[in-house]
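Residue-level structural notes
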Number of protein chains: 2
Amino acid sequence: MSREIPYKIYLEEHEMPKQWYNVRADMKNKPAPLLNPATFQPMGYEDLRPVFCDELIRQELDDTTPYIDIPQEILDFYKMYRPSPLVRAYCLEKKLGTPAKIYYKFEGNNTSGSHKLNSAIAQAYYAKKQGLKGVTTETGAGQWGTALSMACAYLELDCQVYMVKCSYEQKPFRREVMRTYGAKVTPSPSETTEVGRKILAEHPGTSGSLGCAISEAVEAATHQEGYRYVLGSVLNQVLLHQTVIGLETKAALDKYGIVPDMIIGCAGGGSNLGGLISPFMGEKLRGEKDYRFIAVEPASCPSFTRGRFAYDYCDTGMVCPLAKMYTLGSGFIPSANHAGGLRYHGMSTILSQLYHDGLMEAVSVEQTSVFEAAEQFARVEGILPAPESSHAIKVAIDEALKCKETGEAKTIVFGLTGTGYFDMYAYEKFNNGVMTDSVPTDEELEKGFAGLPKVPGQ
Amino acid sequence: MSREIPYKIYLEEHEMPKQWYNVRADMKNKPAPLLNPATFQPMGYEDLRPVFCDELIRQELDDTTPYIDIPQEILDFYKMYRPSPLVRAYCLEKKLGTPAKIYYKFEGNNTSGSHKLNSAIAQAYYAKKQGLKGVTTETGAGQWGTALSMACAYLELDCQVYMVKCSYEQKPFRREVMRTYGAKVTPSPSETTEVGRKILAEHPGTSGSLGCAISEAVEAATHQEGYRYVLGSVLNQVLLHQTVIGLETKAALDKYGIVPDMIIGCAGGGSNLGGLISPFMGEKLRGEKDYRFIAVEPASCPSFTRGRFAYDYCDTGMVCPLAKMYTLGSGFIPSANHAGGLRYHGMSTILSQLYHDGLMEAVSVEQTSVFEAAEQFARVEGILPAPESSHAIKVAIDEALKCKETGEAKTIVFGLTGTGYFDMYAYEKFNNGVMTDSVPTDEELEKGFAGLPKVPGQ
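A brief look at the structure comes next. (Residues numbered from 1 in each chain as written. Chains lettered and ligands numbered in written order. Predicted model: local features only at pLDDT ≥ 70, side-chain atom pairs only at ≥ 80, totals over all residues. Heavy atoms only, no water.)

Residue and element names in this part refer to chain A. Following arginine 82, the chain continues into proline 83 via a peptide bond in cis, with omega recorded as -5°. By the element assignment, proline 83 lies in the loop between helix 3 (72-81) and strand 4 (86-88). One non-glycine residue with positive phi stands out, namely leucine 342, at about 60°. Structurally, leucine 342 is set in the loop between strand 13 (322-327) and helix 14 (349-356). (Helix = DSSP H or I, 4+ residues; strand = E, 2+ residues; numbered from the N terminus.)

This is the structure in structure tokens:
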């Protein structure tokens, strides 16, 4: 087999991006501002300072600067695990018998096991630079908590992680990775915060949720001198940092003159997908090129495909700012049988606006079909994918099979966000044939929507 | 910080090795031949055919051909996860404050989590080419079983793994990875083989050993039509395949004109260390260059540093050929509190001969110091290392600290064979401060030596 395009396209150090790309600068309809949950007024820099790091607030609010320099210290850290490879899925193509050309950008080759490290190091860096002692955060599946622990260990910053209780108990090994990196990990809800005690009193024996862990982490940050809260997805700043994925992907494709027809990614809070598509979306927004963008979400947590585009609470305790986004309501909790991440009730405001404006598509898929795709991918491409990432694999395979029917040799790029090494409990269920699907009923969704805040004019 | 040498040196596809290097061709004192355990006569090609694949036997016995072509199909598979990076440990150097320059060859960026895949794909390929239905093997810590499962899934070959029972129970996730790749995993000792039933009758409730699992896998191979047995370390053929590590390392160093002073690797059965050092050892054997080679083994299983250089059984059931090697006796079982791999009682015959001839050194280290090194490494270099690999880290750090004392800017290369994602049980013990060390007494070793076979002239 002769191949002009290598299996894996690696950029050289000097080809790596030196700036993040801020897609908001090219959006005509800007994402709606964050609102104060009490007054419904837009929140500015000073309003956000008790919770977030100063420089990160600037990035959060900046919707006009197209390129933002990546500080040298972050570039140095990126060099430890980046560039990530853009892989041509020759073996998958052969197995499917498709004329489509499939590429995936693989972000799993670092100890956090995912793309989360791209923003974790940036957020930890700005916290350190501000002279803070530490940061607090929440983690669900555990990838974000691991990434932040790694970044904080590197910068010698204290790291406090509120881990959703059911994950804390089901994923002891994720917890131990964080502890190995020196993080303090607390199962949420906990007795260590007021909001945690309140939730425990109201729901004794609850196994927690992401929204609840966020509330605890925010409280912990604001009640300790020298601490701020950081978040692994949803926020504009996180999506900004994740554009390193898309910029590298674009540079690698450009290097070989490859133009993708469609770009596919899984979407939980939206940061990996947003990071991957941003530079391509920029071209589309500026009218230079056209691409299809497909967000893939679990049928059990279908924010895009069945949610409302509305202002909503970002957390269960309703202490965070309101964000305008596709949401299932902050009270929505996906079925317990749903494996892995992508459990967040809302979605990045940037992606929500782009989706609302018809600039991207979304599909939802059921988890047994996702694990079938994961197994098929693992056996031919070698990599054992995270359940989250496998949502993108599933739709990439579907699209490649459509090409097989039509005979079109389309170029498909998808984001392979991470590895499934800490998700073997879910794989075990799949291997034993006891994994099931679960889709919320319209009634269940209505209950979630009923909890949306009554923002004037919405 | 400007850096002439990048963080990670990646070879391009065209720079990757096309041949394995057979160090035996340059050895004056060849490794001793395998002996028939019944007759003590050297075993030839025909004697080994019932157990091993034909082409692999040729490789096993060939001690004169210096370079052996890597088949194109194996090169294609290698491209899926190779070249592995040679990383400059800038952050570790800075943390230690050493003038030493530290590099590590990182083999953990594939789903098996280790270098084992390099030989697994080769062995599976030759089995497939011979028209076999499947292969059998044993696995202890699980890396080899995972690697073989991946290779067999790729080639659509049946894969039967006998997994040491205590690992099978303590590492359910390793087991599930293998199952995801379609392997049949049986806890050993089992009722499925005669030798398994015999061991169970003699030692009811035993949690198994590697030597016992080997006996079962060999029996399973020889009792099924179209099956052969494959092994993940110790054998000459395995070390041969692993030279892809050393050849890539050498090419990467040569590319930047770097000459190492010492090369360090952990040693269980010896295949990763042998593979890493082979091309450099070749230069030393041919009198072209000199290097220090350091094998690092656990103090709880000290084959080199406290073992005997003698013919011994390779397995508990005594069905395998005898090999002349540094050994603790086939009845030796390391303390139960020893974490991770490197538990095999013997050592590669090639490395044993080289060590016996004074061409390499060996040191043993205790496991709490190994985990301290692992934690330090993880925090600054990001990668969470396997306990096995961390033996090499420990000694690399020791050597770098000696350089700090003397002011010498030596160049240290070590093999980072894999990641510790499936070893968090051991890390948890370390994090909780309940990990202990264990060193066998002289009396315990004597018991192992008493079981050595009485080979005439030994």
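We now examine helix 14 of chain A. Residue and element names in this part refer to chain A. Along helix 14, seven of the eight residues are buried, which leaves the element largely enclosed by surrounding structure. The set of residues buried in helix 14 consists of Thr349, Ile350, Leu351, Ser352, Gln353, Leu354 and Tyr355. Buried residues in helix 14 make contact with helix 11 (236-255), helix 12 (271-285), helix 13 (303-306), strand 12 (308-313), strand 13 and strand 14 (361-365). For helix 14, the N-terminal cap is serine 348; the gap from its side-chain oxygen to the backbone nitrogen of isoleucine 350 is 3.2 Å. Downstream of helix 14 by a residue or two, glycine 358 has a phi angle that is positive, lying close to 75°. (Buried < 20%, exposed > 50% of the residue type's maximum accessible area, 1.4 Å probe, protein only. Contact = heavy atoms within 4.5 Å. Polar contact = N/O pair within 3.5 Å; in protein donor to acceptor, adjacent residues only side chain to side chain.)

Below, the discussion takes up the pattern of salt bridges. Residue and element names in this part refer to chain A. Tallying each qualifying case throughout the model produces 60 salt bridges over all chains. In this structure, arginine 286 engages aspartate 26 in a salt bridge whose closest nitrogen and oxygen atoms are separated by 2.9 Å. Here the residue arginine 286 occupies a position in the loop between helix 12 and strand 11 (292-298), and aspartate 26 occupies one in the loop between strand 2 (19-21) and helix 1 (45-48), the gap between them amounting to 260 residues. The class for arginine 286 is partly exposed, based on a relative accessible area of 37%. Look at aspartate 26 and you get partly exposed, because its relative accessible area is 23%. Several salt bridges share partner residues, and in doing so they unite Arg82, Lys105, Glu107 and Glu248 into one network. (Salt bridge = Lys/Arg side-chain N within 4 Å of Asp/Glu carboxyl O.)

Moving on, we get to the relation of the copies chain B and chain A. Screw-axis analysis of chain B against chain A gives a translation of 0.0 Å along the axis, an RMSD of 0.0 Å, and a rotation angle of 180°. Both copies of the chain, as the preceding transformation shows, are related through a two-fold rotation axis. Distance from the rotation axis, computed per C-alpha, reaches its smallest value in chain B at asparagine 109 of chain B: 3.0 Å. Both copies share a contact surface, since 100% of the interface residues of chain B are interface residues in chain A too. (Least-squares fit on C-alpha atoms with pLDDT ≥ 70 in both.)

Residue-level contacts link 47 residues of chain B with 47 residues of chain A. Joining chain B to chain A, the criterion identifies 27 residue pairs in polar contact (both at pLDDT 80 or more). Put simply, the parts of the chain that give the side of chain B that touches chain A at least two residues each are helix 3 (72-81), helix 4 (90-96), helix 6 (143-155), helix 8 (172-180), helix 15 (367-381) and helix 17 (424-431) of chain B. Here the residues of the side of chain B that touches chain A are counted per class, giving 23 nonpolar, eight polar and 16 charged. (Nonpolar A, V, L, I, M, F, W, Y, C, P; charged D, E, K, R; others polar.)

Turning our attention to the sheet that holds strand 11 (residues 292-298) of chain B. Residues and elements named next belong to chain B. Read across the open sheet, the seven strands follow the order 1-4-5-15-10-11-14; overall the sheet is mixed. Each end of this open sheet is capped by a strand with a single partner; those strands are strand 1 (8-9) and strand 14 (361-365). Two strands pair when backbone bridges link them, and strand 10 (residues 262-266) and strand 11 are joined in this way by five bridges, in the parallel orientation. In the sheet register, cysteine 266 faces strand 11, and the bridge partner there is valine 296. Sheet contacts for helix 12 (residues 271-285): strand 10, strand 11 and strand 15 (411-416); angle to strand 10, the most-contacted strand, approximately 155°. (Pairing = 2+ DSSP bridges. Axes fitted to C-alpha atoms, helices over the stretch in contact; angles between N-to-C directions.)

Let's shift gears to helix 12 of chain B. All names here are of chain B. Remark: the principal bend of helix 12, roughly 55°, maps to serine 278, with a proline, proline 279, within the next four residues. Helix 12 sits mainly inside the fold: 15 of its 15 residues count as buried. At the exit of helix 12 stands glycine 287, carrying a positive phi of roughly 75°. (Bend = angle between axes of the 7 residues up to and from the residue.)

Residue and element names in this part refer to chain B. Within strand 6 (residues 134-139), six of the six residues are buried, leaving the element largely enclosed by the surrounding structure. Burial along strand 6 is two-sided: the residues Gly134, Thr136 and Glu138 and Val135, Thr137 and Thr139 are all buried. As judged from the six bridges shared by strand 6 and strand 7 (residues 158-164), these two strands associate in the parallel manner. Considered in strand 7, the bridge of valine 135 is made with cysteine 159. For the segment spanning strand 6, helix 6 and strand 7, crossover handedness is right-handed. Bridge analysis of strand 6 against strand 9 (residues 227-229) gives three bridges, and the strand direction is parallel. Residue pairing across strands places threonine 136 opposite tyrosine 229, the latter belonging to strand 9. (Right-handed = clockwise from strand over helix to strand, strands pointing away.)

Moving on to the sheet that holds strand 9 of chain B. Residues and elements named next belong to chain B. Strand order in the open sheet formed by four strands is 8-7-6-9, with parallel pairing between adjacent strands. Both edges of this open sheet fall to strand 8 (184-188) and strand 9, since each of them pairs with a single strand only. In this sheet, adjacent strand axes meet at a mean angle of 25° when their direction is disregarded. On the sheet, helix 6 packs against strand 6 and strand 7 and is oriented at approximately 160° with respect to strand 6. Relative to the sheet, helix 8 contacts strand 6, strand 7 and strand 8, its axis offset from that of strand 7 by approximately 170°.

Let us now look at the nonpolar core. In terms of nonpolar packing, the biggest core is built from 247 residues, with Met360 of chain A together with Met360 of chain B touching the most fellow members. Contacts of methionine 360 of chain B, omitting those with residues within four sequence positions, involve Leu273, Ile277, Met281, Phe293, Ala295, Phe304, Leu351, Leu354 and Tyr355 of chain B. (Core = buried A, V, L, I, M, F, W, Y, C linked by side-chain atoms within 4.5 Å.)

Residues and elements named next belong to chain B. Among the structural elements, alanine 217 can be located in helix 10 (residues 210-222). Relative accessible area serves as the criterion here: at 0%, alanine 217 is assigned to the buried category. Put simply, alanine 217 and glycine 97 are 120 residues apart on the chain and 48 Å apart in space, counted from C-alpha to C-alpha. Discounting residues that sit within four places of it in the chain, alanine 217 has contacts with Thr136, Thr137, Glu138, Tyr162 and Tyr229.

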